[in-house]
There are 2 protein chains.
Amino acid sequence: MAARWRGTRALLLDVSGVLYDSGDGGGAPIAGSAEAVRKIKASGLKLRFCTNETQTTREKFVQKLRGFGFDISVAEVTAPAPAACRVLRERSLRPHLLVHDDVMPEFAEIDKTNPNCVVIGDAADNFTYANLNEAFRVLIGLKNPVLISLGKGRYYKETDGLKLDVGAYMKALEYACDIQAEIVGKPAKMFFESALAELGVQPQEAVMVGDDIVSDVGGAQRCGMRAVQVRTGKYRPADENHPQVKPDAYVDNLAAAVDLILQEL
Amino acid sequence: MAARWRGTRALLLDVSGVLYDSGDGGGAPIAGSAEAVRKIKASGLKLRFCTNETQTTREKFVQKLRGFGFDISVAEVTAPAPAACRVLRERSLRPHLLVHDDVMPEFAEIDKTNPNCVVIGDAADNFTYANLNEAFRVLIGLKNPVLISLGKGRYYKETDGLKLDVGAYMKALEYACDIQAEIVGKPAKMFFESALAELGVQPQEAVMVGDDIVSDVGGAQRCGMRAVQVRTGKYRPADENHPQVKPDAYVDNLAAAVDLILQEL
């Protein structure tokens, strides 16, 4: 077990369920997590926040976290919308956007005329029948329909109840057009790889810390990273017997993860 | 090839694309089809209209067809909504309905208190984010979630463009809840079987006439019926080389189908 974390040069942290819990009035920080982030920065390890949040811009998201006492800046965040923008630019894709109003500014610089693909995010109340039909007609009218999905979550919990996430609507468009969406966001390999590139480290030099056994832990491990599951956020005891994914460690929270890794370095 | 239709006691006719084409101002009858229906009735063959229409009650649907000159009554129509009502009664299911306003009256007699299943139809503008979430919460709150879908169409054409059909939204709920919907309507075996039961004939005594190679022809053949594809409605030349389904005959339209079958009897 010793030296399990040798060679670690960077940490990637999931945000919701690791730094804070979403909920009433924007949620609440998880005890010890703000101090743990400060410890990472003091240790000299590189650090990147790796989130699937697509209901807001990184600016507003970071502002909320700073309000909770976290030392975090926009430049340290890897999120699906800017990752999608990179993909769009690289492949000269002009998107029709079916996303949340609050994430629109992330696509401000992207050419959206005469669309040749659809980008779908957690659009929430923008998921009207008219808007879905509009996105569908763009796709079905293309010779090679490209659907880029910002994550593939099934549902999430808000204070007024469970809500359908982007994955459900992605499936609706996949079925109607007989196509497969390209996922941007965890657990897509490309998404973790762009976070690693931004850090300038190799997969074997990085450790992912997350609460989602499949999306965070499984996704990072498939990229060649080590991964730790915290027992906060959406963690469930059954995760410790997951049939496919075995984290490199289970820890009670981010503070414990950081202590574990730093003491072994 | 002779005597291919021997033993035929009943015909099942698809409606849209066989009797009439939907479109501007409610659509238009297909030439010769009204006369063909009269010929069937005069021949002594039993007759049933077998449709996946779920945007209206059978009453309004029949009224439109009578306006086109068809000899048709409500009692002769097999449609998904009344078939679903039979399933609901048999299994003591109380539905939460996510359907078109105009088909609601078909469920008037059904107990909808304290729902223990969801019935989804082509709800069109009723497919709001709020309504989808409501249906989703009913399902995810059930120990054994039952989702009954009135057909599984991907999309259809209206005068103002292509529109998503019930199948797309069925897939969204299937993914979100990790379940499989039960389809009521063509090509479900149960649906054809209920039409046969209503006619009082065996599958080998009946011939299905439809424009949909998979839903009409393939579905009927899987029930042991013979099936004819007409070259009207959504028929495409490529259907004549379909990899899975081979109709017992291709004919230009319903009039030709009826002449073919009656002359061989």
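- As recorded in an unreviewed UniProt entry, chain A goes by Phospholysine phosphohistidine inorganic pyrophosphate phosphatase and comes from Nothoprocta ornata.
- UniProt's Sequence similarities (unreviewed entry) comment on chain A is quoted here verbatim: "Belongs to the HAD-like hydrolase superfamily."

## Some points on the interface of chain B and chain A
Inference 1: In this assembly, 30 residues from chain B lie in contact with 30 residues from chain A.
Inference 2: Roughly 2,600 Å² of surface becomes buried between chain B and chain A when both sides are summed, with 64% attributable to carbon and sulfur atoms.
Inference 3: When residues of chain B are sorted by the area they lose upon contact with chain A, Tyr129, Leu164 and Tyr175 of chain B head the list and together hold 33% of the total.
Inference 4: In this assembly, chain B and chain A are joined by zero salt bridges.

## Comments concerning the sheet that holds strand E13 (residues 226–230) of chain B
Residues and elements named next belong to chain B.
Inference 1: Read from one edge of the open sheet, six strands run E5-E4-E1-E12-E13-E14, paired in parallel fashion. The open sheet is flanked by strand E5 (77–78) and strand E14 (249–251), the only strands paired with a single partner.
Inference 2: In the sheet, strand E4 (residues 46–50) pairs with E5 via two bridges, with the strands oriented parallel. If you follow Phe49 over to E5, its bridge partner there is Val77.
Inference 3: Sheet contacts for helix H7 (residues 213–222): strand E12 (206–210) and E13; angle to E13, the most-contacted strand, approximately 165°.
Inference 4: On top of the sheet, helix H8 (residues 254–264) reaches strand E1 (10–13), E12, E13 and E14; it is set at about 130° to E14, its chief contact.

## Brief notes about the side chain of Ser149 of chain A
Inference 1: Tracing the sequence through the fold places Ser149 of chain A in strand E8 (residues 147–150).
Inference 2: Relative accessible area serves as the criterion here: at 0%, Ser149 of chain A is assigned to the buried category.

Cut-offs applied
Residues numbered from 1 in each chain as written. Chains lettered and ligands numbered in written order. Predicted model: local features only at pLDDT ≥ 70, side-chain atom pairs only at ≥ 80, totals over all residues. Heavy atoms only, no water. UniProt positions renumbered as here; feature names shortened; annotations may be inferred. Contact = heavy atoms within 4.5 Å. Buried area = accessible area lost by both parts, 1.4 Å probe. Salt bridge = Lys/Arg side-chain N within 4 Å of Asp/Glu carboxyl O. Pairing = 2+ DSSP bridges. Helix = DSSP H or I, 4+ residues; strand = E, 2+ residues; numbered from the N terminus. Axes fitted to C-alpha atoms, helices over the stretch in contact; angles between N-to-C directions. Buried < 20%, exposed > 50% of the residue type's maximum accessible area, 1.4 Å probe, protein only.

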